[in-house]
Structure formats: structure tokens, C-alpha cells
Amino acid sequence: MEDRYIISAKDLTKKFGSFTAVDKISFEVEPGEIFGFLGANGAGKTTAMRMLCGLSIPTSGKATVAGFDVYKQTESIKKNIGYMSQKFSLYEDLTVKENIGFYGGVYGLSKQQRKEKTEFLIDLLKIQDARNKLIKELPLGWKQKLAFSIAIIHEPKIVFLDEPTGGVDPITRRQFWDMIYEAADRQVTVFVTTHYMDEAEYCGRISMMVDGRIAALDTPAKLKEQFGVGTMHEVFVKLARPQSA
Amino acid sequence: MSTIFVLLKKEFLQIFRNRAMIPLIFFMPLFQLLILSNAATYEIKNIKFNVVDLDQSYFSRELVSKFTSSNYFILNKVSFNIEEAEESFKTLDARLVVYIPKDFEKDFRTNGKSEVQFIINAEDASAAGIINNYANSITRQYNADIVTKSSVMPDKTPLLNITYSNWYNPELDYRTYMVPGILVALVTLIGTFLSGMNVVKEKEIGTIEQLNVTPIKKYQFIIGKLLPFWIIGIFELIFGLNLGLFLFDVPLLGSPLLILLLASVYMFVVLAIGLLVSTVTNTQQQAMFIAWFFMVLFMLMGGIFTPVESMPDWAQTIAYFNPIAQFNKAMRMIMLKGSQFKDVLPALNFFIVSGIVLMTLAVWRYRKSE
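About the cut-offs
- Residues numbered from 1 in each chain as written.
- Chains lettered and ligands numbered in written order.
- Predicted model: local features only at pLDDT ≥ 70, side-chain atom pairs only at ≥ 80, totals over all residues.
- Heavy atoms only, no water.
- Helix = DSSP H or I, 4+ residues; strand = E, 2+ residues; numbered from the N terminus.
- Rg over C-alpha atoms; globule rule 2.2 N^0.38 Å.
- Buried < 20%, exposed > 50% of the residue type's maximum accessible area, 1.4 Å probe, protein only.
- Contact = heavy atoms within 4.5 Å.
- Areas by Shrake-Rupley, 256 points an atom, 1.4 Å probe, with all protein chains shown as cover.
- Lys, Arg positive; Asp, Glu negative; His and termini not counted.
- Charge placed at Lys NZ, Arg CZ, Asp CG, Glu CD.
- Pairing = 2+ DSSP bridges.
- Axes fitted to C-alpha atoms, helices over the stretch in contact; angles between N-to-C directions.
- Buried area = accessible area lost by both parts, 1.4 Å probe.
- Salt bridge = Lys/Arg side-chain N within 4 Å of Asp/Glu carboxyl O.
- Nonpolar A, V, L, I, M, F, W, Y, C, P; charged D, E, K, R; others polar.
- Domains from an automatic or database assignment.

**Re the overall build of chain A**
(1) Moving on: Assigned secondary structure in chain A consists of 9 helices and 10 strands.
(2) Moving on: The C-alpha radius of gyration computed for chain A amounts to 18 Å, which stays within 12% of the reference 18 Å derived for 245 residues, consistent with globular compactness.
(3) Moving on: Reported as C-alpha extents along the three principal axes, the dimensions of chain A are approximately 55 × 40 × 35 Å.
(4) Moving on: Looking at chain A as a whole, 55% of its 245 residues are labelled buried.
(5) Moving on: Restricting to contacts in chain A with at least 6 residues of sequence separation, those with at least 24 account for 67%.
(6) Moving on: When the accessible surface of chain A is totalled, it reaches about 10,900 Å², and 50% of it is carbon and sulfur.
(7) Moving on: Separation of charge centres in chain A, based on 33 positive and 31 negative side chains, amounts to 4 Å.

Pasting the structure below:
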């Protein structure tokens, strides 16, 4: 597969018994791109992402992430990616500082680097007063922004975000996307799943998943043009529920 | 190495931030030792009994007074009707009825023998056995007394006199016997429950997924998870042992270092069990349930409360593969008998082999990807 793609998948499939969660999906992602995975609940977004992260071994097909094979080189993939799951990923019973220190340490940052990163992130997120507070005492929006910052603490090539803004208010969501753009500016590739259609508009390219397959893949503008509609919401409705449309 | 250190730091932060943990670590052994070692005894005192004395003779009154003047029995009721006396069994007011038939004294004086009947409430079989022993020994003593005192048959004085000597626990102090067993139970609980629950908790809150997507290696994760509880377990054993020695005057005839050596390897076995449980469960509830199932089985068949020797053969075979039984036996041997390294070597070997087998199984079952 060509080296110019940071992620490339060919006929990637995952079956759970007789149920096919992800059905022969193929796509390529370029470095620095914000690549969106859209779809209804259960369309296979999370399963696809978990395969790319090395959390789930594919049933068939090929894929490379940062040049590493998703079957055999999962541990090398893990060194080069950041990941933020749907479920909350920080330790609620540790403080802001301790969480940053812990994940920094897990990714092999030195003590000095951890210290610097901690100060940098606390300044960036403007949470000076909360540095020694337990995570469970923070509002959800702060937690999500902190979780994202920690997911890219080791400056990975790619960051995978699985429905990162679930349950967050629109203003915080906007701020969250500003952070995503900043990361993309630093050439971090962003792979994000969502079912918020306004968020879809922020992505560079969108892949629409329906029943485990990629039903459409293009920039938001071209997708709207292709389906002759004005919003991503309408594109989604046309694709996800063709019968009822 | 530094990754492991980072993991350990995080675990200890979380463990000691848990408000229940510090009291648990210090009060659990204290309460267990205080309550269990005093409560769990095979000795029965203050057994209430009823008397049905149809003879109303000097001999019969003497016999009853032997019971009441012993430390074990308290007279509950005197009646002249056996049914009435047995009524007390239902309410548990009495556990023994001493039935003295008419002509008890007369038979003895004329024929040289007579009969007395004990009716024992045997709901609790082991208690019934003990009551039977006490009642028999009192009667035997009484028998010897009247044979000597009464001039009826002076030549029939018993010639054979048995004396007892209890080795390794001369006063038959049950605390001496219980404390080693309770320490075994303590470290076992810490090893299986705390470690297993800790891993499953990460699954429950979803952080394990975050860890699985980092470059942490399997062995680092497992050491990071288990080592804290190994340290706490060993600390608890030392703490509990000191409580036993200084508060309860339990002897320690063998080497404390030998105990530490055995305990170190034993902790490895129980931690492997805890980890194994965590790999087959997804919630703390499930983990708790499975761990309890095995724990109750191991504990009841572990010889802490009832001797393994009195179990049927098949159960004794199972007990051989029960780490609690092995450790309990070895602990008692070292503490009460001063057994040496070579004496407990079979137990040590068993721990090494079973620890390696269980840990391999647990590590194999734990997966970073599926």
C-alpha cells in the first residue's frame, strides 16, 4: 500500500459469529486530515475504529495504520496513536495532575517532560485552580477537553476519537473542535466518529456508514451536492433510511 | 521499569484514596483475630441440662451435683417426667437430659451396677459429641468415687489410670490454634478479592480500554496490578502475626522468615486466582460472586475451622489441592511445632507449581485485543 496514506484499509471486515459488524470497508486517509466516520448507532463505526487501534483483530481484509499492519503490529500501532473512547477514559479518583502524569508516564515521557506537559496543558485548558481536584469534581466539558489533551500527550501521528462530544453542550463542543483543528494544524491526523450532523460539517472528508458498509465517502460539500440537499443531516437521512425517505 | 513504577504509583494513589482502605487494612486483622479466635472454639461451656431424678437418693443427688459443680453444665430444670424434660430441646433451653431411673442406688448396692441415661440434643452433631464426652467423663469420675468410697466392692478399684498430655498446645487454648488459620484467611481474602475486583473495576469504568490502546506491555500491566496487593498482603500478615504474638500470646516456635518465604509464594498463588477471576468476568458483582464461591469452598475445606483429618478420604484428596489447606497446615506447623524448612517443603513446592500454572492461565486469558 502507498506510503502517502497514514491509514489505509482494504476490504476490512469484522464478524461476531454470524453477525457482520463491519463489511468490507475500504478507504485511505492522508496525514493531517480530519476524517469523519458517520453513521447511526450500531452501524459499525466503533468496531471499525477498534480494529484500526489494534483493540480488535479483523476477521478479514487488510489495513495499515501509520505504516503498521493491524494483524501483526498492533503494539507498534499503539505507540503512534492516541485514543479517546466513548466511555470516559480518565481516572475519576485521581486529580488532574495525577492523570496527566500517569498517561504521560505510560507513553514513556520522562519525569521532566511530564512536568512540562502538565504545566502546558493546565495553562492551555485554563484550569489552574482545578489542578489538584479529582476528575469526578470537574464538569463533563472540562473532562472531555482534558481527555482529548491527554490522548495526544505523546504527540502521536494519529488520534482516534470515538464520539468524543457525547452529552456536551454546544459551546463546549465548539471549543472541543477548535482543539481538534489545532491538532490537525500540527499535522496530527484526526479520525473521529460522531452522530452529530453539525460536527460532520467540520470534517475534511466524511465516510457514511450504513449497516457495516461505507455508503458514501467524500467532502461534506460534495456529498451535499451529490444528494442534492442543503445539509449533512439530509444526506444522512437519505442514506441511513432510504425506504422511509 | 519506569512504566511499572508509573503504574504502581497510580495504583497506590487509588488504593489509599479509597476511604475504606486504611481502616480495612488495620482493623480487619484486629477484628478477625479478636472475634474469630475467641468465638470459634470447640470447647463448649455453660451447657444447660435438665434432670429427671426418679430415684431421689443420696447417689442420684451426688451425681447431679457432680454435673452442676463442673465448669461445663448448668442445671436448667428438675422434673419428674421425661416428656416434660425433653420439651426444653425444642426451645433450646437445654441440650442434655440426665435421666436417673428409680432404684438407681438400690441396684448399685445390691447388684454392683446400675444405669443412667443421657438424652442429647444432636442438632449440632459436633456439639453433641462434645457434650457426650463431658457427661461421660463426669460419670466415670463419679463412678470411680463411689466405688472407692462405698465399702461395697473395695477390690474393684480401677487399676488402669489414663493420664493425658497435650503436645504443642498444652492448655488446649483454641486461640493458639485459631490465630494461624485466621491469618491465612486474611491474606487469602486480600489476594483474591482486592486484586480481582481492582482489575474488573477498570473494565467497568472503561479505563482498561484506554490502557489497552497504550504501549503498556501485558506483563507490566499485570505486575502493576498485582504487586500492590502482594505488598499489602505481606504487610497484613506481618501486622496480624505481631498482634497474635503480643496481644494473644500465641507462640511462634519456628522461624518468622520461613513464614514470610511461604507467604510470599502463597500470595503469588492467590493473586493468580484473583487475576484469573477478573479475566472471566466483566463486572465487580460477577467477580465477587465467583470469588466467593471458591473462597467459601476453599475456606470450609481448608482445615481452619474443622480438621481436614476428620473429612472423608475424597475430601482429604481435594484438600491436598486446596492452597488454603496447605498454607494453614504449614502455618500451624511452623508456629506451634517449630517445623523447619524441610517440613514445609511439600507445601512450598505445591505453591510454586500451582502458582506458575494459575498465573500462566491468567496471563494467557488476559488480552489487550480481541
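Next comes the rest of the account.
**Details of the sheet that holds strand β6 (residues 81-84) of chain A**
All names here are of chain A.
(1) Moving on: The mixed open sheet is built from 6 strands, whose spatial order is β6-β7-β8-β3-β9-β10. The two strands at the open ends of the sheet, each matched to only one other strand, are β6 and β10 (213-218). In this sheet, adjacent strand axes meet at a mean angle of 15° when their direction is disregarded.
(2) Moving on: Note: strand β3 (residues 34-39) against strand β9 (residues 205-210), 5 bridges, orientation parallel. The partner of Phe-35 across the bridge, within β9, is Arg-205.

**Notes on the interface of chain A and chain B**
Frequently, the measure chosen for interface size is the accessible area removed from exposure when the parts meet.
(1) Moving on: Residue-level contacts link 30 residues of chain A with 24 residues of chain B.
(2) Moving on: When chain A packs against chain B, close to 2,500 Å² is buried across both sides, 57% of that on carbon and sulfur atoms.
(3) Moving on: It is Leu-55, Tyr-91 and Val-106 of chain A that lose the most area in chain A upon contact with chain B, and together they represent 23% of the buried surface on that side.
(4) Moving on: If you look at where chain A meets chain B, you find 3 salt bridges.
(5) Moving on: Between Arg-50 of chain A and Glu-209 of chain B there is a salt bridge; the shortest N-O distance is 2.4 Å.
(6) Moving on: Those elements that place two or more of their residues in the side of chain A that touches chain B are α2 (74-80), β6 and α3 (96-106) of chain A.
(7) Moving on: Looking at the side of chain A that touches chain B, the element that brings in the most residues is α3 of chain A, giving 5 residues.
(8) Moving on: Among the residues forming the side of chain A that touches chain B, the class breakdown is 15 nonpolar, 6 polar and 9 charged.

**Section: the domain arrangement of chain A**
Residues and elements named next belong to chain A.
(1) Moving on: Domain boundaries in chain A define domain 1 (1-80 + 157-215) and domain 2 (90-140 + 148-155).
(2) Moving on: Look at where the C-alpha atoms of domain 1 and domain 2 centre, and you get two points 25 Å apart.
(3) Moving on: Contact with domain 1, which involves 13 residues of that partner, is made by 9 residues of domain 2.
(4) Moving on: Each partner contributes to the roughly 760 Å² buried at the junction of domain 1 and domain 2, and carbon and sulfur atoms together form 79% of this total.
(5) Moving on: In terms of surface lost to domain 2, no three residues of domain 1 exceed Val-159, Phe-176 and Met-179, which account for 42% of the buried area on that side.
(6) Moving on: Run the count over domain 1 and domain 2 and you get 0 salt bridges.
(7) Moving on: Among the elements of the structure, α2, β7 (158-162) and α6 (170-185) are those that each provide at least two residues to the side of domain 1 that touches domain 2.
(8) Moving on: Residue contributions to the side of domain 1 that touches domain 2 peak at 4 residues, all from α6.
(9) Moving on: Partitioning the side of domain 1 that touches domain 2 into residue classes produces 7 nonpolar, 2 polar and 4 charged.

**Examining unusual backbone geometry**
Residues and elements named next belong to chain A.
(1) Moving on: The phi torsion at Asp-11 lies on the positive side, around 55°, for a residue other than glycine.
(2) Moving on: Among the secondary structure elements, Asp-11 is positioned in strand β1 (residues 7-16).
(3) Moving on: With a phi angle near 70°, Gln-187 is a residue other than glycine that sits in the positive phi range.

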